[in-house]
Amino acid sequence: IKASSRNIQMVFDKYNGVSLGALVDEKKVKNIDEDDSATSYHVINDESSTSISPLGVGLQWNHLDMKSYIVRGMPYGTVAYGKDVLPTILSGNRPTSIIIDNDDSNKMLCGSLTGKPIEQVPNRKAPISKDGIAHTYTVEKELVFHLKQSDFTWVVFFSKPVKLRCFSDAVPMVSVVAPFEEVKFRLDVTEVLSEDDDDEDLVVRMAVASECTTGRSTMKEHCDRTLGYDTVSSNMEKYLELLRKGKDFYPKNPLVGVDFPKEDDEADERMTNVVVDWDFTSTKANKSAATDQASTKLRGVTQSTQNDVDDDALIMFALPHHLESLSEKDGSMCFHTFHGRTCLVHGSTWEMPVQHGAPQSFLADRPPLADVVPDIAEALKDDIKFQLSENVLRGAADTYFPAKIMSKIGRIIEITHELKHLSGGEDAADYADADESAVAESASAAAAVDLPSDDEIESLLDDLQESVEIWLKPGGKAEKGAEAEFLFDGSWGGFVNCGCKYTFDEGHPDKGTCSNVFPSCPALADVNQDFGNGFYNDHHFHYGYHIYAAAVVAKNRPEWGERMYERVLMYVRDIANPSIDDEHFPMFRQKDWYLGNSWAAGLMSMELSPHGREQESSSEAIAAFEGIALFGTAMMDAFQDDVENLESARMVRNVGEFLTSMEVEAAKRFWHVWGEQEGSASNSSKVKDSSVGTHSNTYPSQYTKKVVGMMHDTMASFQTWFAPQDVVSYGIQLIPFTAVAQRRDDQEWTKELYPVYAKSCEIADMGSGQNSGFCVKNGWSVVQAGLLAETGKVDEAISMAKDIPSTVYLSEGADGHSATNTLWFISTRKKEEALLQ
């Protein structure tokens, strides 16, 4: 892991890795098509499997009998070989020692790569025979070898006895100019020693036994002794013992099950249980792991079962949030990884409960402050008359910016209803963290101001309903639906948009039109169109705003919700389908079940990033699932007399709450950076005891930013797709302003974040030309005011918000905000004195 002040990434160095495979003579491989190769492979999808795993993939080579299962959390690389295939191991490092079958007196010598004797440097010799010839050795079970440059020690397990030989580069007495060769070490199995009637595959498993064997590697990151906890390198022999016990069991097609709450669960006690069945198998046909309930549950590797039997169950690596599910804390066998302390655990089935927390609501935990209610009412005078542009009402645009505006209107409507509700003198039952006197003061203030009329609310609700519905009418503009129409993609099972070739009406940009009709779909042809929607990029960001707006309409017009329910579910099923029986959409498309977060990247990224999948705005991901929960709740009210649809709506609500909770926790782990660094003296004891609730920073101390702007599979960086200014990387983790922010943004984090956010906004405003006043003009000063309120300085934030020009809310950067919602958000945060109490 390499880290700087703005970037952390896993660095892949192929010369320090080890490859497990087979050598193929292409001349001997028959029946290869022109577009094929001797080393091609395909994804295994056995008839016995219910689906391709969300936690890994099985690969079968097309022209030789070899297959491999690559699963998240595996301590081993695993390849199974048929009768006619012999394994080969390659590395760009030369070995220093090769020990056979855990016997220090039985060491292997390699032949030289040239096949000739080589004079080596004394005390730095590679294990090469004197004559340079590769001799054959018999291995019953395992090899352990140490590679010099990387300082890694590897262990290789064989499920059957084998004969093998190796070849190695050497350290010559005199350096000579020679062609650079990538391979410094090669190990070939020459024969598998088994009975003629033995049809079992040879399974070869390989694992790192120590990443810091001598401490003399140039890669010092692998020998970091300041982490505050021990890694496996501190006790390689104990770790090897565990690897030996678990060598015979490996996962093939693990599945994730989700057990949602039952109907009678109390609102604040709803919990979803995530169950991972690793679907493990054995390298030995006559050997199976213990299957009693006690032995299969997730537990530390040094713990025995309830029966006091130290069984040979499956071992896997667990991340910090997995370890929270351990009944007993055990972090003795760990690596330091990109995602934090990663420890070895037993358990062929993992059960990880996810608490939903308080139900999602359009309301905050507190009502707007009484002395701010008049300001909100004043802002509502203009905002209730907000006019949607013609192109939004015609669906002649992309799927993102219009959706933000629709959600914005939904917030204006809900805030108006909240103030009207308060003005009627209602009690404090709707607010989770407000006493009766505070509610009474706000209610009195609401009763004393002029609020929009019912007709004005209904008029804006009409516009919102029309703008939500237009996107969901099939047939495009020929059927009076959206000009940029939605389509169902049968190839990948998804809800995608055709895209819009927008033709401007000169002088009236909002009156332009989409000049294309299906099948002419720019978004399906170009990943750079419509944020990559046709390639499944950013779906939950976009659709979350659509769903939130639909939730507002359904809440206020239940009959509309009943009529449009199945159509709105197209958005939900695309990004959060919970049913394995749904033949049209995959389950939980955006979800990474191992890390716990979602990903915005779809089939391919716009830059074809080598760092894998990515997600930029953790807060918009959270808001998407908040919207699903709210839509499900609204539809439960609508379907009170429809038992079948009521259960469907309850599932939608539960899915939304569950995913919201998981996404909030993932944001705090991977996007929000604060608290003590791992390895600090004061934090070391907390790291060792994962039951301590204090937040611990996931990333190395070299990374100094308070957020991650973009999180990838193998990289976290302080940047965004669309703007280089620091304030954007900060702000994109803080939008939109909805009720879920009170769970999302830890107050300790906001206090650390605010000073650097304010400074970055100031610097951005100092830009020249079009970038002059960047922070204010693009709406990031709105976010600054909201962030200031989250630190507890509500009064100062109100003053800041009042100074924001009204034109800012019409800018592209702030079109999802409104003065009404900004003041509501600020005035419903907890004041500093309340925080102290």
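Residues numbered from 1 in each chain as written. Predicted model: local features only at pLDDT ≥ 70, side-chain atom pairs only at ≥ 80, totals over all residues. Heavy atoms only, no water.

Participant: How do you make sense of the pattern of salt bridges when you look at a structure like this?
Facilitator: Think of it this way: side chains of opposite charge can pair up when their charged atoms draw near. What the rule picks out here adds up to 35 salt bridges. Notably, a salt bridge pairs R94 with D169, separated by 3.0 Å at the nearest N-O pair. With R94 in the loop between β8 (88-91) and β9 (95-100) and D169 in the loop between β15 (162-168) and β16 (185-192), this pair connects stretches of sequence that are 75 residues apart. Of the charged contacts, one joins D815 and K404 as a salt bridge, the two residues approaching to 3.9 Å between their closest N and O atoms. On the criterion of sequence distance, the pair formed by D815 in the loop between α20 (794-802) and α21 (819-827) and K404 in helix α6 (residues 401-423) is long-range, its members being 411 residues apart. Like K404, D815 is buried. What emerges from the salt-bridge pattern is a single network uniting R72, D592, R613 and D713. (Salt bridge = Lys/Arg side-chain N within 4 Å of Asp/Glu carboxyl O. Helix = DSSP H or I, 4+ residues; strand = E, 2+ residues; numbered from the N terminus. Buried < 20%, exposed > 50% of the residue type's maximum accessible area, 1.4 Å probe, protein only.)

Participant: Mind showing me how you'd approach α20 here?
Facilitator: An α-helical turn contains 3.6 residues, so any two residues separated by three or four positions project in the same direction. V794, A797, I798 and A801 are the residues of α20 that are buried. Viewed end-on, α20 has its buried residues packed into an arc of 105°, placing them on one side of the element. On its buried face, α20 sits against α19 (780-790) and α21. (Arc of directions from axis to C-beta. Contact = heavy atoms within 4.5 Å.)

Participant: Sorry, what's going on with empty space enclosed by the protein here?
Facilitator: To find leftover empty space, one rolls a probe the size of a water molecule over the atoms. Inspection of every chain in the model, using the stated rule, returns 7 cavities of 30 Å³ or more. In this model, the largest cavity occupies a volume close to 130 Å³. Lining the largest cavity are 15 residues, and of these I735, P736, F737, G816 and H817 sit closest to its centre. Going through the elements one at a time, α6 and α19 are the ones with two or more residues in the lining of the largest cavity. No other element matches the 3 residues that α6 contributes to the lining of the largest cavity. A class-by-class count of the residues in the lining of the largest cavity yields 6 nonpolar, 7 polar and 2 charged. If you add up the space inside the second largest cavity, you get close to 60 Å³. Along the walls of the second largest cavity sit S407, H540, F541, G544, Y545, Y548, E620, A623, A624, P736 and T738, which together make up its complete lining. By residue number, the principal contributor to the lining of the second largest cavity is helix α10 (residues 539-556), which donates 5 residues. (1 Å grid on protein atoms, 1.4 Å probe; cavity = no way out; pocket = protein on both sides within 12 Å on 5 of 7 lines; lining within 4 Å. Points joined across faces, edges and corners; volume = space filled by probe spheres on them. Nonpolar A, V, L, I, M, F, W, Y, C, P; charged D, E, K, R; others polar.)

Participant: I'm lost on a nonpolar patch on the surface in this one. Help?
Facilitator: On the surface, a cluster of nonpolar side chains totalling about 420 Å² of accessible area is made up of W492, L603, M604 and L608. Along the chain, W492 turns up in the loop between β27 (486-489) and β28 (494-497). Given the relative accessible area of 52%, W492 is considered exposed. (Patch = residues over 30% accessible without salt bridge, like charges linked within 9 Å, V, L, I, M, F, W, Y side chains within 5 Å. Areas by Shrake-Rupley, 256 points an atom, 1.4 Å probe, with all protein chains shown as cover.)

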